[in-house]
Amino acid sequence: MRIILAPMEGVVDHLMREMLTAIGGYDLCVTEFVRVVDQKLPTRVFTRLCPELLQGGKTLAGTPVRVQLLGQEPDWLAENAVRAVELGSPGVDLNFGCPAKTVNKSRGGAVLLRDTEQLYRIVKAVRAAVPAEFPVTAKIRLGYEDTRLAIANACAIAEAGASSLAIHARTKSDGYRPPAYWPWIAKIKQQVAIPLVANGEIWNAEQALLCQEQSQCQDIMLGRGALAMPNLAQHIRLKQPPLPWPEVLALLMRYSEFEMSGEKGKYYANRVKQWFSYLKLQYPQASELFQQLRVLTRSADILALLQQQREITERAEARSV
C-alpha cells in the first residue's frame, strides 16, 4: 500500500507537508497547483509553492514531493513540466479535479472532464516532453456534472501515457458531500491498465480498508482526513490511535510559529481556522476551542489563545499523574 498526501489548495502548503510527513506514514506528497496559462514560468514560481525543490525534492523527513500543474494548453503545460523536473521534482502531476469556480471558468481543473480529447492531448504532450524516468501522473474526479465520461476520461489519460491516476470518487457537482463512490473506481480499474489511487472520504483506518475493498485499489490518497487526524497515515498503516490532543496542540503551536514568521503570515488566521474546521471533526476539544478562536482576527490573539489552551491542558495532565 502506498499512501499519498493529497494536494489541497490553500491548505496543504509546504509547512503542512513538513509537519505531516514528520509524523510519518506517507510515501509521496503532491503540491498545491502551479497555474500555467501561456508562458514558461520562472524558477521562483516553482520554488515558492514547492520549497522542497531546494532540498532535493523531498520534505525534511525524506518524503518525495511532486509538483502539480494546472492549465489547459498542452504545449505550455509540457514546457513547464520539463522545468519542474529540471528543478528537482520527482515527476509531474496534472490537475483535472479542482472544483473551484474561478479555476473552472478559465478552463482549468475539473471543467476539462467535459473534454476527453483535451485530456488526452494534455497528457500526451506532457508525457512526450518529460524524460521517461520521471512519472507523469494525473488526478481526476468522476466527472463534471455526472459520471457519463468517467471511464472514457480515465482511458484517454491512460492511453496518453500517464504513469498512474488518482481518482477522487465524486463529481465536481458532488463537491465534498458524502458519500464518495468508491465502487466507481473499481469499474474504471477494469478498463485501464495503469495503477489507480483511490481518494475521497477516508477519515480513519476502517474507512481506508472499506475504500480499498470497494475500489479494488491498494493505494490511497488522503486529503481532509489528514487534517482532521494529523497521524491518519500511521493510524491506517500501523493502527496507531489518533494523536492525543496535547500533541495536536503542540503541532498547532509549531505550525503557528512557522506560518506567522513566513511570507504567508498574513493568511495565518484564515489557515488555522480552516485547519480547525477539520480538527473539530475528530477532537471535541477542537470544537470547543474553535468557538473562541473563530471570532479572532489578529494572529497574536490566536497564538495567545492556543498557548493558554496548551498551558491548561498541561496543568490538567500534571494533576492526573
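Let us look at the structure shown here. (Residues numbered from 1 in each chain as written. Predicted model: local features only at pLDDT ≥ 70, side-chain atom pairs only at ≥ 80, totals over all residues. Heavy atoms only, no water.)

1. What to know about the packing of helix α3 (residues 74-86) against helix α5 (residues 116-129)
- Where α3 contacts α5, the axes come no closer than 8 Å and their chain directions differ by 35°. Between α3 and α5 lies a crossing of right-handed hand. Contact residues: P74, L77, A78, A81 and V82 in α3; Q118, R121, I122, A125, V126 and A129 in α5.
- Residue classes in the contact of α3 with α5 are distributed as nine nonpolar, one polar and one charged. (Axes fitted to C-alpha atoms, helices over the stretch in contact; angles between N-to-C directions. Helix = DSSP H or I, 4+ residues; strand = E, 2+ residues; numbered from the N terminus. Left-handed = near helix turned anticlockwise from the far one by under 90°. Contact = heavy atoms within 4.5 Å. Nonpolar A, V, L, I, M, F, W, Y, C, P; charged D, E, K, R; others polar.)

2. Section: helix α8 (residues 205-215)
- Within the span of α8, buried status applies to A205, A208, C211, Q212 and S215. Buried residues in α8, looked at end-on, bunch into an arc of 120°, giving them a common side. Facing away from the buried side of α8 by more than 90 degrees, the exposed set consists of E206 and E213.
- Here the buried face of α8 lies against α7 (182-189), β7 (196-199), β8 (220-222) and α10 (232-238).
- The opening residue of α8 is N204, an N-cap whose side-chain oxygen sits 3.1 Å from the backbone nitrogen of E206.
- Directly beyond the C-terminal end of α8, a positive phi value near 60° is found at Q216. (Buried < 20%, exposed > 50% of the residue type's maximum accessible area, 1.4 Å probe, protein only. Arc of directions from axis to C-beta. Polar contact = N/O pair within 3.5 Å; in protein donor to acceptor, adjacent residues only side chain to side chain.)

3. Some remarks on the packing of aromatic side chains
- Counted under the stated rule, the structure contains three aromatic pairs.
- Ring geometry for Y255 versus W275: centroids 5.1 Å apart, planes at 75°, classification edge-to-face. Of this pair, Y255 sits in helix α11 (residues 245-261) while W275 sits in helix α12 (residues 268-279); the two residues are 20 residues apart in sequence, bridging distant segments of the chain. Neither Y255 nor W275 differs from the other in exposure class; each is buried.
- Between F276 and F290, the ring centres sit 6.4 Å apart and the planes meet at 15°, which makes this aromatic pair stacked. In this pair, F276 is assigned in helix α12 and F290 in helix α13 (residues 284-293), connecting sequence segments 14 residues apart. The pair F276 / F290 is uniform in exposure class, with both members buried.
- The ring of Y176 carries the charged tip of R141 above its face, separated from the ring centre by 5.0 Å.
- Over the ring of W184 we find K187; its NZ or CZ atom is 4.4 Å from the centre of that ring. (Phe/Tyr/Trp six-rings, centres within 6.5 Å; stacked < 30°, edge-to-face > 60°. Lys NZ or Arg CZ within 6 Å of the ring centre and 35° of its normal.)

That's the geometry; what it means functionally is another story.
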